[in-house]
Amino acid sequence: MRTLLLSRIQDVPDYPKPGVMFKDITPLLADAAAFGALTEALAELCLRHRADKVVGLEARGFILAAPAAVRAGIGFVPVRKAGKLPGATLAQAYELEYGTAEIEIHADALEPGDRVLVIDDVLATGGTAEASLRLIRRAGARIAGVAVLLELGFLDGRGRLLGSLDSAPLEALITV
């Protein structure tokens, strides 16, 4: 499966700025066999870690998390950039390389005690994932784990998340 997935991830040099090698997953999404294999793998992680709900991180995390949740027979909850969700929300600010950002979740999206698996496309520095873990805990839910398609090991997002995971697993289908 790793070979199939990697063969459908395209490197785009100097995007979004010079010196960055962007990992484009849109060719993977356009290939039904590759996208199906990815969905099955993520759904299996939902079941293995006994998740009650899946949180998908904006924006590509939505694309991966929603079908995995459906396949696993559990609910999907989006974590969005601030100001994008209607109604009452919980917000969490976090540090970026230059400045800060904020993400939100619906205040009633998670029940106390829910086991939540966070799914995203790429783990880079870990800032958004770490903020999502804080939001989930503030909602009274528990962390079942974090799952990503691609981990950029040279940016050490895993190291940043270790303390926040509190022994929950971090699963990367591919590490580069």
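What counts, and at which threshold
- Residues numbered from 1 in each chain as written.
- Predicted model: local features only at pLDDT ≥ 70, side-chain atom pairs only at ≥ 80, totals over all residues.
- Heavy atoms only, no water.
- UniProt positions renumbered as here; feature names shortened; annotations may be inferred.
- Helix = DSSP H or I, 4+ residues; strand = E, 2+ residues; numbered from the N terminus.
- Buried < 20%, exposed > 50% of the residue type's maximum accessible area, 1.4 Å probe, protein only.
- Contact = heavy atoms within 4.5 Å.
- Expected span 1.5 Å × (residues − 1).
- Arc of directions from axis to C-beta.
- Phe/Tyr/Trp six-rings, centres within 6.5 Å; stacked < 30°, edge-to-face > 60°.
- Pairing = 2+ DSSP bridges.

Per an unreviewed UniProt entry, the protein goes by Adenine phosphoribosyltransferase and derives from Streptomyces endocoffeicus. The Pathway (unreviewed entry) comment attached to the protein in UniProt states, word for word, "Purine metabolism; AMP biosynthesis via salvage pathway; AMP from adenine: step 1/1." Taken directly from UniProt, the Catalytic activity (unreviewed entry) text for the protein runs: "AMP + diphosphate = 5-phospho-alpha-D-ribose 1-diphosphate + adenine".

Asker: Explain the side chain of threonine 39 here, please?
Answerer: Its place among the elements puts threonine 39 in helix α3 (residues 32-48). A relative accessible area of 12% places threonine 39 in the buried class. Ignoring any residue separated from it by four or fewer positions in sequence, one finds threonine 39 in contact with Pro67, Ala68 and Arg71.

Asker: Whenever I open this one, helix α4 (residues 60-72) confuses me. Can you help?
Answerer: Along an α-helix, a turn takes 3.6 residues, which lines up residues three or four apart on a common side. Counted at 1.5 Å a residue, the expected span for α4 with its 13 residues is 18 Å, and the 19 Å between its end C-alpha atoms agrees. Those residues of α4 lying buried are Gly61, Leu64, Ala65, Ala68, Ala69 and Ala72. One side of α4 carries all its buried residues, which in axial view fall inside an arc of 125 degrees. Elements in contact with the buried residues of α4: α2 (26-30), α3, β3 (53-57), β4 (75-81), β7 (115-123) and β8 (142-151). Just downstream of α4, glycine 73 is the residue with a positive phi angle, here 75 degrees.

Asker: Explain the environment of valine 70 to me, please; I cannot follow it from the model alone.
Answerer: Position of valine 70 relative to the elements: it lies in helix α4. The class for valine 70 is exposed, based on a relative accessible area of 65%. Through-space distance from the C-alpha of valine 70 to that of glutamine 10 is 27 Å; in sequence the pair is 60 residues apart.

Asker: Just to check I follow, could you spell out the packing of aromatic side chains for this structure?
Answerer: In this description, an aromatic ring pair is defined by two values, namely the gap between the centres and the angle between the planes. Under the definition given, this model contains 2 aromatic pairs. When the ring of tyrosine 15 is compared with that of phenylalanine 22, the centres are 5.2 Å apart and the planes differ by 80 degrees; the resulting orientation is edge-to-face. Since its relative accessible area comes to 46%, tyrosine 15 is described here as partly exposed. Ring geometry for phenylalanine 62 against phenylalanine 76: centres 6.2 Å apart, planes inclined by 80 degrees, an arrangement best described as edge-to-face. On the criterion of sequence distance, the pair formed by phenylalanine 62 in helix α4 and phenylalanine 76 in strand β4 is long-range, its members being 14 residues apart. A relative accessible area of 31% means that phenylalanine 76 is categorised as partly exposed.

Asker: Looking at this structure, how should I read the pairing of strand β6 (residues 99-106)?
Answerer: In regular strands, side chains alternate between the two faces of the sheet. Relative to β6, β4 runs antiparallel, the two sharing 2 bridges. In the sheet register, lysine 81 faces β6, and the bridge partner there is isoleucine 103. Inspection of the sheet shows strand β5 (residues 89-96) paired to β6 by 8 bridges, in the antiparallel sense. Bridge assignment links alanine 93 to a residue of β6, and that residue is glutamate 102. Taking the residues that link successive antiparallel strands as the turn, the β5-β6 hairpin has 2 residues.

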